[in-house]
Amino acid sequence: MKLNTGKPYSGKKWNGAYFINLEKNKPLKQHSTEYKVNAIKILNELYGKELSEEEIPEGLRLTEEEKKKLRNH
């Protein structure tokens, strides 16, 4: 098995590990609570401030039920 062909991550060992990681790390369902929280954090960092409820896009706003779940955890 060739481990180093001059290109980073080109050996079979690296490619196999990469695909195993992809299988383990499944993407979050869009608009799940986790997805919304992560998206809001990214927007806050992007704008350099804490966004108010009105500034957050409508699709990313947390419902009252989701807010309760987050407070309880």
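Basis of the calculations
- Residues numbered from 1 in each chain as written.
- Predicted model: local features only at pLDDT ≥ 70, side-chain atom pairs only at ≥ 80, totals over all residues.
- Heavy atoms only, no water.
- Core = buried A, V, L, I, M, F, W, Y, C linked by side-chain atoms within 4.5 Å.
- Buried < 20%, exposed > 50% of the residue type's maximum accessible area, 1.4 Å probe, protein only.
- Contact = heavy atoms within 4.5 Å.
- Helix = DSSP H or I, 4+ residues; strand = E, 2+ residues; numbered from the N terminus.
- Polar contact = N/O pair within 3.5 Å; in protein donor to acceptor, adjacent residues only side chain to side chain.
- Expected span 1.5 Å × (residues − 1).
- Arc of directions from axis to C-beta.

Across soluble globular proteins, nonpolar side chains have a tendency to be buried as a group. Residues A39, I40, L43, L51, I56, L60 and L62 constitute the largest nonpolar core, which totals seven residues. Apart from residues lying up to four places away in sequence, L60 is in contact with H31, Y35, K36, A39, I40 and L43.

Moving on, we get to the side chain of E66. By secondary structure assignment, the location of E66 is in helix α3 (residues 64-72). Residue class for E66 comes out buried when judged on its relative accessible area of 13%. With near-sequence residues (within four places) excluded, E66 lies in contact with T33, K36 and R61.

Following the sequence through the fold, P57 ends up in the loop between α2 (33-47) and α3. Spatially, the C-alpha atoms of P57 and L43 are 10.0 Å apart, while their sequence positions differ by 14 residues.

Within the secondary structure, N44 is located in helix α2. Of the residues examined, N44 reaches a relative accessible area of 13% and is grouped as buried. At 3.5 Å, the side chain of N44 and the side chain of E50 are in polar contact. For N44, the contacting residues outside a window of four places in its chain are K49, E50 and L51.

Let us now look at α2. Along its 15 residues, α2 runs 21 Å from first to last C-alpha, staying within 8% of the 21 Å computed at 1.5 Å per residue. Listed in full, the buried residues belonging to α2 are K36, A39, I40, L43 and N44. Taken end-on, α2 shows its buried residues confined to a sector of 140°, consistent with a single buried face. The exposed set on the far side of α2, more than 90 degrees from its buried face, consists of E34, I42, E45 and L46. Buried-residue contacts for α2 involve α3. Looking one or two places after α2, you find G48, whose phi comes out positive at around 70°.

Looking now at the environment of H31. Within the secondary structure layout, H31 lies in the loop between α1 (12-24) and α2. You can call H31 partly exposed: its relative accessible area is 40%.

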